[in-house]
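# Architecture and fold: a report
Next come the chains, spelled out residue by residue.
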Amino acid sequence: MAAPRPQSSLRGALCRQLLLTLAVFSFACEACKKETFIIPSKLEADKMIGRVNLKECLGSVDHIQSSDPDFRVLEDGSVYTAHAVVLSDEKRSFTIRLSDAKKQTQKEILVLLEYQKKALRKRHAKETVLRRSKRRWAPIPCSMQENSLGPFPLFLQQVQSDAAQNYTIFYSISGRGVDKEPLNLFFIERDTGNLYCTRPVDREEYDVFDLIAYASTADGYSADFPLPLPIRVEDENDNYPIFTEAIYNFEVPESSRIGTTVGVVCATDRDEPDTMHTRLKYSILEQTPRSPGLFSVHPSTGVITTVSHYLDREVADKYSLIMKVQDMDGQFFGLMSTATCIITVKDSNDNLPTFRQNAYEASVEENMVNVEILRIPIEDKDLINTANWRANFTILKGNENGHFKISTDKATNEGVLSVVKPLDYEENHQVVLEIGVTNEAPFTRDVALRMTTMNRAVVTVHVKDQDEGPECRPEVQYIQIKENSAVGSKINGYEAYDPESKSSSGLRYKILHDPKEWITINEGSGSVQTSKTLDREVITPKNELYNITVLAIDQDGRSCTGTLAVSIEDVNDNPPEILQDYLVICKANMEYVDISAIDRDSSVNGAPFYFSLANTSPEINRLWTITRVNDTAARLAYQKNAQFQEYFIPVAVKDRAGLSATKTLRVNLCDCTNPFQCRSTARSADVILGKWAILAILLGIALLFSILLTLVCGIVSARNKKAFPEDLAQQNLIISNTEAPGDDKVCSANGFMTQTVNNANQGFCGTMGSGVKNNGGQETIEMVKGGHQTLESCRGAGHHHTLDSCRGGAVEVENSRYTYSEWQNFTQPRLGEKLHLCNQDEEHMPSQDYVLTYNYEGRGSPAGSVGCCSEKQEEDRLDFLNNLEAKFTALAETCTKR
């Protein structure tokens, strides 16, 4: 029977050997009893030759070392061959050294090796032990009772191997209880295989011991495989069941139904599960206070439930139960333990609030308001300051007019009855109220009982008489007066009365507020009369009542205030009024015009209106007609042969009651497409200039003359001077290699200004003059010589229009002293000279890079304008334009963008 080589134990032994060689022990070694092993003369490597009891020699072993390198010792005391060994002598010995570093002790075990002198039979020459077939043992069931009383050592069973029939077999065991904790609990007789237990065992600590049994021959060979030998510890009822808590605390409402779960108690038992030793049974031993039949506990689950309707917090708010748990299913010989269960009964609204008496009385003076007249106490057995205790009061009867209000005092739980609307002694001397009370929380008893749960009480309130002032009832009183009534007309007015005497005698009246001061009041009777003529149309809106505030005063000075609402009856005193005065009719697209009228009177005296031509001339009757459109509008139409002019047409309008009025309309029959055009003309014709406007016009004319005078002087002086210097001539235009749409004005090839309007292909051109006008997108040039003269713009044939394009055409000059030919003769030679100079470079050679004609090629480019009139004067250094001579001033002013 070969045992596997424990590699981990080998590594641990080598490490400990290394540590031991490095340590220096300063104490002497003690010898333990020697061990003798019978072995064959030849041994293979890693063969077990026996086992020594290391714990018996040294209780705690840190290091194990063999003095013979041919043998090694494991932690469990097993001795193995390190490699093949041949014994030359009959005996051989070596020493096992055991060390305990903590206790600084060291002991030695002497191991003697002897030849096997005899065997039961001789083996065949060819038979070798190493090749003997090994049998597997069958596990032998084995058990022992826990807490056994002995005698010890207690025989458990005998282990036998089938190889014992042929060989001398030696038995050994290992495992927990032998060489592992608890140590030396079991041992086996080496020769017989009898297994013994040395002391009692607690199953709750060790329920089973898994031992390994070994069978080996005298020469050290394993006759069988190691045998697993489980030893089961049989349970004994030696553990009491224990509750999980010493004291349980539960709560349950007092209105709980039968079967309501209160809580669950639970116990545990360390004995073997699923046996009678752990079958627990729960019961209630005692209840305090003693109220039989309130709680029960389920014997198996420990669930506590209610079993009675009589759980009343007002009787007992807390119960204490002594709970018992017993194993062996509750049999009398079972083990038991107890615990305490505290059950708190929670309050429920199972008690109605009740009045201390059925009837109450209170008194209050009339006209008092917001005063407390009575406090009503109640009794409630439920828990104080909870919703089950707090009361809600209700006035069930007697408060139909809303004079009273009842509320709850949160501190005392009393009902507070108050007056919130004045009482009148003359109307009622006393009031009987029926008061009901409930709780904030709903009642928890049966529904049938809930219908009659409101407790009721009667409160009689006595109203005390009080000497009070006059009463203005009703507060608003209505009268009706026709408008335009004669001043001094009398009408019944406002009437108040004394509540004690029910009479109006002895009261005085006074008007506090009259918006228009139309009415006066009689101080003694309260009747009113008109002090002015009433006009219904003055009131806004027209149908609104005219309100007057009246004060009534008794003899003691007490008073009341009322309102006299006057309804002013309409009279047809306003004729209809036509809204329009001036009308414009565009004959091209309008055949008529509508007029409308309004009437300030009421609808009874208003529309429908009747329109007609009143007292008109025969020409008006022949050219104009009027027809009805609706109740308030009419249509004024003209005949086709009517001329363009203004007409004055009288139109009469009459309301349904026959009151009429006539109005003369100013109608302008105009040759237009939009009436606004004729209206603008009419307004401009009616304009009268003021003195400041005339002064502004005169100043403008004076400024214009000064500018023209400066321009003419410059032209005259230019004729007597030479051409521009070459250095200035060559600086007038900027070289540009980019193409873009340019500015609105660029210089054409002949030096004149070209205008591109709205990015179109056609432009307008004109001659140079004192100023340029732009009227609606067309540009004209004015030449001022003693007055306003305008050279009409003319159109060229190309994309750009210059003065050249006007040659040969008819040019109209109004009131001008200079003709077109004079200007042409003056400007063309000089501009030609400047262009000639511009087309030369610095060496006076012809160059076309300076003045070029650019046409519009699209939507433009980021480069901007390439014209000579570019706005980038500062960055292109165009400050030389400020120092030009007189000959070039006119052209520079033309090209410079205004």
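Predicted model, so just to flag it, every value in this text is computed and none were measured. (Residues numbered from 1 in each chain as written. Predicted model: local features only at pLDDT ≥ 70, side-chain atom pairs only at ≥ 80, totals over all residues. Heavy atoms only, no water.)

### Brief notes about the overall build of the protein
Stated formally: Each helix is a run of H or I in the DSSP string that is no shorter than four residues. Each strand is a run of E no shorter than two, and both are numbered from the N terminus. Exposure is judged per residue with a 1.4 Å probe applied to protein chains only, and the accessible area is read against the type maximum: over 50% gives exposed, under 20% gives buried, and values in between give partly exposed. The contact criterion used is simple: two residues touch if any of their non-hydrogen atoms lie within 4.5 Å. Note on areas: Shrake-Rupley with a 1.4 Å probe; residue coverage comes only from the protein chains shown.
For the protein, the helix and strand inventory stands at 9 helices and 56 strands. Expressed as a percentage of its 898 residues, the buried residues of the protein come to 39%. Contacts in the protein between residues at least 24 apart in sequence constitute 66% of all its contacts with a sequence separation of at least 6. Carbon and sulfur atoms make up 50% of the accessible area of the protein, which totals about 50,900 Å².

### Some remarks on the sheet that holds strand 31 (residues 391-397)
Filter applied, for reference: Each pair of strands is called paired provided DSSP finds at least two bridges between the two strands. Structural elements are reduced to axes, namely lines fitted to C-alpha atoms, with helices fitted over the stretch in contact, and the angle between N-to-C directions of any two is expressed from 0 to 180 degrees.
Pairing in this open sheet of 4 strands is mixed, and the strands run 28-35-34-31 from one edge to the other. Only two strands of the sheet have a single neighbouring strand rather than two, namely strand 28 (359-365) and strand 31. Averaged over neighbouring strand pairs, the angle between their axes works out to 30 degrees when direction is ignored. Alignment of strand 34 (residues 430-439) against strand 35 (residues 455-464), held across 8 bridges, turns out to be antiparallel. Within the sheet, the bridge partner assigned to Glu 434 lies in strand 35 and is Val 458.

### Things to note about the nonpolar core
The cut-off we apply is this: To define a nonpolar core, start from buried Ala, Val, Leu, Ile, Met, Phe, Trp, Tyr and Cys residues and group those joined through side-chain atoms within 4.5 Å.
Judged by nonpolar contacts, the single largest core of 27 residues is most densely connected at Leu 156, Phe 186, Leu 195 and Ile 231. Of all elements in the fold, only strand 11 (142-145), strand 12 (154-158), strand 13 (169-175), strand 14 (186-188), strand 15 (194-197), strand 16 (208-217) and strand 17 (227-234) reach the threshold of two or more residues within this core. What Leu 156 contacts, discounting residues up to four positions off in sequence, is Cys 142, Met 144, Phe 186, Leu 195, Tyr 196, Cys 197 and Ile 231. With 24 residues, the next largest nonpolar core counts Ile 376, Phe 393, Ile 395 and Val 437 among its residues.

### Quick look at the confidence of the model for the protein
Using the following cut-off: The predictor rates its confidence in each residue with pLDDT, a number between 0 and 100.
The share of residues in the protein with pLDDT of 70 or more is 70%, and the mean pLDDT across the chain is 75. Averaged pLDDT values for the elements of the protein fall to 34 in strand 53 (residues 763-764) and rise to 95 in strand 18 (residues 242-243). Taken together, the stretch residues 1-29 has pLDDT below 50 and engages in 38 contacts with residues farther than four places along the chain or on a different chain. Predicted confidence is poor over residues 854-876, with pLDDT under 50, and the contacts of this stretch with residues over four places away or in other chains come to 43 contacts.

### Thoughts on the environment of Lys 55
As for its position among the elements, Lys 55 is in helix 2 (residues 54-57). Note: C-alpha distance between Lys 55 and Gly 77 (22 residues apart in sequence) is 8.8 Å.

### Examining the pattern of salt bridges
What counts here: Each salt bridge in this description consists of a side-chain nitrogen of Lys or Arg and a carboxyl oxygen of Asp or Glu lying within 4 Å of one another.
Taken as a whole and assessed by the stated rule, the structure comprises 24 salt bridges. Across the pair Asp 594 and Arg 635 runs a salt bridge whose closest N-O atoms are separated by 3.0 Å. Remark: Arg 635 occurs in strand 48 (residues 633-638) and Asp 594 occurs in strand 45 (residues 592-598); sequence separation between them is 41 residues. In this structure Arg 635 comes out as partly exposed when scored by relative accessible area, which is 28%. Overlapping salt bridges bring together Glu 372, Arg 375, Asp 409 and Glu 414 as one network.

### Here we look at the state of the cysteines
What we call a disulfide is simply a covalent bond connecting the sulfur atoms of a pair of cysteines. As a reminder, the rule being used: Criterion for a disulfide: a pair of cysteine sulfur atoms at a distance within 2.5 Å.
What the rule picks out here adds up to 4 disulfides. Disulfide partner of Cys 32: Cys 57, at an S-S distance of 1.8 Å. Here Cys 32 and Cys 57 share a disulfide; its torsion about the S-S bond, 75 degrees, makes the bridge right-handed. In this pair, Cys 32 sits in the loop between strand 1 (30-31) and strand 2 (35-39) while Cys 57 sits in helix 2, placing the two residues 25 residues apart along the sequence.

### Structural notes on the environment of Ile 38
Structurally, the position occupied by Ile 38 is in strand 2. Here the alpha-carbon distance between Ile 38 and Asp 219, two residues 181 residues apart in the chain, equals 5.8 Å.

### Here's the deal with the packing of aromatic side chains
Put simply, the rule reads: By convention, a stacked pair of Phe, Tyr or Trp rings (six-membered ring in the case of Trp) has centres within 6.5 Å and planes under 30 degrees apart, an edge-to-face pair has planes over 60 apart, and any other such pair is tilted. Working rule: Lys NZ or Arg CZ, within 6 Å of ring centre, within 35 degrees of ring normal, means a charge sits over the ring.
The final tally for this structure, using the stated rule, is 14 aromatic pairs. Centroid distance Phe 155 to Tyr 196: 5.6 Å. Interplanar angle 65 degrees. Geometry classified as edge-to-face. Residue Phe 155 is found in strand 12, and its partner Tyr 196 is found in strand 15; the two are separated by 41 residues along the sequence. Its relative accessible area of 42% is what places Phe 155 among the partly exposed residues. Arranged with centres 5.0 Å apart and planes meeting at 70 degrees, the rings of Phe 186 and Phe 209 form a pair that is edge-to-face. Taken together, the positions of Phe 186 in strand 14 and Phe 209 in strand 16 put the pair 23 residues apart, joining distant regions of the chain. This pair shows no difference in class: Phe 186 is buried, exactly as Phe 209 is. By the ring-pair criterion, three or more aromatic residues cluster together here, those being Phe 243, Tyr 248, Phe 250 and Tyr 282. Above the face of the Phe 170 ring, Arg 190 is positioned so that its terminal group lies 3.9 Å from the ring centre. The ring of Phe 644 has Lys 587 lying over it, and the distance from NZ or CZ to the ring centre is 5.4 Å.

### Let's talk about the sheet that holds strand 20 (residues 261-264)
Judged by pairing direction, the sheet is antiparallel, and its 3 strands sit side by side in the order 20-24-23 without closing on themselves. With partners counted over all chains shown, the strands left at the sheet margins are strand 20 and strand 23 (295-297), one partner each. Taking the axes of each pair of neighbouring strands and ignoring which way they run, one obtains an average angle of 20 degrees across the sheet. Taken together, the 3 bridges between strand 20 and strand 24 (residues 303-306) define a ladder with antiparallel strand orientation. Across the sheet, the residue bridging to Gly 263 is Ile 304, located in strand 24.

### Here's the deal with the pairing of strand 28
Along a regular strand, successive side chains alternate from one face of the sheet to the other. Residues Tyr 360, Ala 362 and Val 364 of strand 28 are buried on one face, while the alternating residues Ala 359, Glu 361, Ser 363 and Glu 365, pointing to the opposite face, are not. Across 7 bridges, strand 28 lies against strand 35 in parallel orientation. Across the sheet, Val 364 pairs through a bridge with Val 463, a residue of strand 35.

### Thoughts on unusual backbone geometry
Here the residue pair Glu 181 and Pro 182 is connected by a cis peptide bond, since its omega of -5 degrees sits within 30 degrees of zero. Positionally, Pro 182 belongs in the loop between strand 13 and strand 14. At the junction of Ala 607 and Pro 608, the peptide bond is cis and its omega measures out at 10 degrees in the coordinates. Among the secondary structure elements, Pro 608 is positioned in the loop between strand 45 and strand 46 (610-613).

### Here we look at a nonpolar patch on the surface
As a reminder, the rule being used: By definition, no residue in a patch forms a salt bridge, and every one has over 30% relative accessible area; like charges are joined within 9 Å, nonpolar side chains (Val, Leu, Ile, Met, Phe, Trp, Tyr) within 5 Å.
A contiguous nonpolar surface patch, about 450 Å² in accessible area, is contributed by Ile 694, Ile 697, Leu 698, Ile 701 and Phe 705. Within the fold, Ile 694 resides in helix 6 (residues 691-719). Ile 694 sits in the partly exposed class, given a relative accessible area of 42%.

### Observations regarding the environment of Trp 518
Mapped onto the elements, Trp 518 comes out in the loop between strand 38 (508-513) and strand 39 (519-521). Excluding its chain neighbours within four sequence positions, the residues that come into contact with Trp 518 are Gln 529, Thr 530, Ser 531, Lys 532, Thr 533, Leu 534, Asp 535, Val 538, Ile 539, Tyr 546 and Ile 568.

### Some remarks on the side chain of Glu 254
Of note, Glu 254 is situated in the loop between strand 19 (247-253) and strand 20. Beyond its immediate chain neighbours, meaning those up to four positions away, Glu 254 contacts Leu 311, Asp 312, Arg 313, Glu 314, Val 345, Lys 346, Asp 347, Ser 348, Asp 350 and Asp 382.

### Side note on the side chain of Thr 306
Stated formally: The term polar contact refers here to a pair of N or O atoms within 3.5 Å; inside protein, the definition further demands a hydrogen-donor-capable atom paired with an acceptor-capable atom, and it admits residues adjacent in sequence only when both atoms are side-chain atoms.
On the secondary structure map, Thr 306 appears in strand 24. Polar side-chain contacts of Thr 306 include one of 2.8 Å to the backbone oxygen of Arg 257.

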